[in-house]
Structure formats: C-alpha cells, structure tokens
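# Fold and contact review
The chain contents come next:
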Amino acid sequence: MTVIYPGSFDPITNGHIDIIERCSKKFNRVIVSVLNNSSKETLFTVEERVDMIEKSLEGYDNIEVDSFSGLLIDYAKEKEAKLIVRGLRAVSDFEYEMQMALINKSLYQDLETFFFIASSKYSFLSSSVVKEVSSHGGDVKDLVPDIVEKALNEKFIKDFY
C-alpha cells in the first residue's frame, strides 16, 4: 500500500523523521511530499527541503521524497495513493487534522487519513519552534537531522553578520 506523508517540512524535524520511519515499517511505499505553497513564506525553498529530507532518509528502500502544489487529493490520485498519514502531537493538532481529513474525504471518497501519535520525546517539537530557537543562536542538534542543523546555522549566521 502506498501512503503519502504531506507537509511543509520547513524544516524537517526529528519528530517528522520518527513518523516517517514508523510508516516505513507499516507500509510498502511511503511518499514524503513537500507542499509547495507559493502564498506561504518559508525559510527554505522546496528544492532545499526536498534535498534535506532525501539526505536525512538515505538508506530506506521504500521511502521516496517528492513535492506537490495544489490539492492533496489530486496529488494522491496522481500517485495512486488512498491513504494520507498525519502526525498528532496534541489535542490541538487533532481538531485541525480532523477537519482536513473530512474535507479530503468529501472531495475524494476513497482517500483515508491515518493518524500517528507523536512519540512523547517529540510531542513538543515543531518546525516553527526549531526555527525560533535556531534564529536566536540556540542549539537544535537534538531536534533535527545533522544536515538540517547545518542548513539552519548557515541561514541564521548570515543574519548575525
């Protein structure tokens, strides 16, 4: 079965990686897909995010990294996927994710959403928190893959000089 794990991943965190690794053990094919939303301001380009994710997930045979724009349901049809995976950190995530799952289901009856509960060690973690900590010179080593830590340092070092 093919599943899609969509997100902006700006940047990918160890919490995302945990969900992806868990998915790879349960499903035959996992597509990690970066949303290209031109109306949303991001720190990293789509190409940079895809590259960081690919490098963070080297060695997994059943994981591929891609990007998309437009409706997730159209992308899912294109990829012949009928299951979307989303991670939940807290009850506040559930409300939003449930709304998205219901709208997707109303637009594409065959599409289901599968929720993975975040591991407790990552339940506080978000890309926004990582960017905030890093932008102030904080250590994000335990929060993101090494390639992401390096990219964040390069982005924010420019701001200090």
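Scope of this entry: the structure provided in the associated data block. What you see is a predicted model; the values in this text were computed from it and never measured.

Conventions we followed
- Residues numbered from 1 in each chain as written.
- Predicted model: local features only at pLDDT ≥ 70, side-chain atom pairs only at ≥ 80, totals over all residues.
- Heavy atoms only, no water.
- Helix = DSSP H or I, 4+ residues; strand = E, 2+ residues; numbered from the N terminus.
- Rg over C-alpha atoms; globule rule 2.2 N^0.38 Å.
- Buried < 20%, exposed > 50% of the residue type's maximum accessible area, 1.4 Å probe, protein only.
- Contact = heavy atoms within 4.5 Å.
- Areas by Shrake-Rupley, 256 points an atom, 1.4 Å probe, with all protein chains shown as cover.
- Lys, Arg positive; Asp, Glu negative; His and termini not counted.
- Charge placed at Lys NZ, Arg CZ, Asp CG, Glu CD.
- Salt bridge = Lys/Arg side-chain N within 4 Å of Asp/Glu carboxyl O.
- Phe/Tyr/Trp six-rings, centres within 6.5 Å; stacked < 30°, edge-to-face > 60°.

### As for the overall build of the protein
Across its full length, the protein carries six helices and five strands. Written out in order from the N terminus, the α and β elements of the protein read β-α-β-α-β-α-β-α-β-α-α. Taken against the 2.2 N^0.38 rule, which gives 15 Å for 161 residues, the C-alpha radius of gyration of the protein at 16 Å falls within 12% of a compact globule. For the protein, the spread of C-alpha atoms along the principal axes amounts to about 50 × 35 × 30 Å. A buried classification covers 43% of the 161 residues belonging to the protein. Across the protein, the fraction of contacts at a sequence separation of at least 24, relative to all contacts at a separation of at least 6, is 76%. Working note: accessible area of the protein is about 9100 Å², and carbon and sulfur atoms make up 50% of it. If the 19 positive side-chain charges of the protein are averaged to one point and the 27 negative ones to another, these points end up 3 Å apart.

### A short note on the pattern of salt bridges
Overall, the coordinates contain 10 salt bridges when judged by the stated rule. With its nearest N and O atoms 3.5 Å apart, the salt bridge here joins Glu-48 to Lys-155. Of this pair, Glu-48 sits in helix H2 (residues 46-56) while Lys-155 sits in helix H6 (residues 146-160), and the two are 107 residues apart along the sequence. Among the ionic pairs, Lys-55 bridges to Asp-51, the shortest N-O distance being 3.1 Å. With Lys-55 and Asp-51 both in helix H2 and four residues apart, the pair spans about one turn of that helix. On the basis of relative accessibility, which here comes to 31%, the residue Asp-51 falls in the partly exposed class.

### Some points on the packing of aromatic side chains
If you walk through the whole model with that rule in mind, you get five aromatic pairs. With centroids separated by 4.7 Å and ring planes inclined at 20 degrees, the aromatic side chains of Phe-68 and Tyr-75 adopt a geometry described as stacked. Owing to a relative accessible area of 4%, Tyr-75 belongs among the buried residues under this scheme. Aromatic rings pair up to connect Phe-27, Phe-114 and Phe-116 into one cluster.

### Quick notes on the side chain of Lys-79
One can find Lys-79 in the loop between helix H3 (72-78) and strand E4 (83-88). Overall, the relative accessible area of 18% leaves Lys-79 in the buried class.

These figures capture arrangement, not role.
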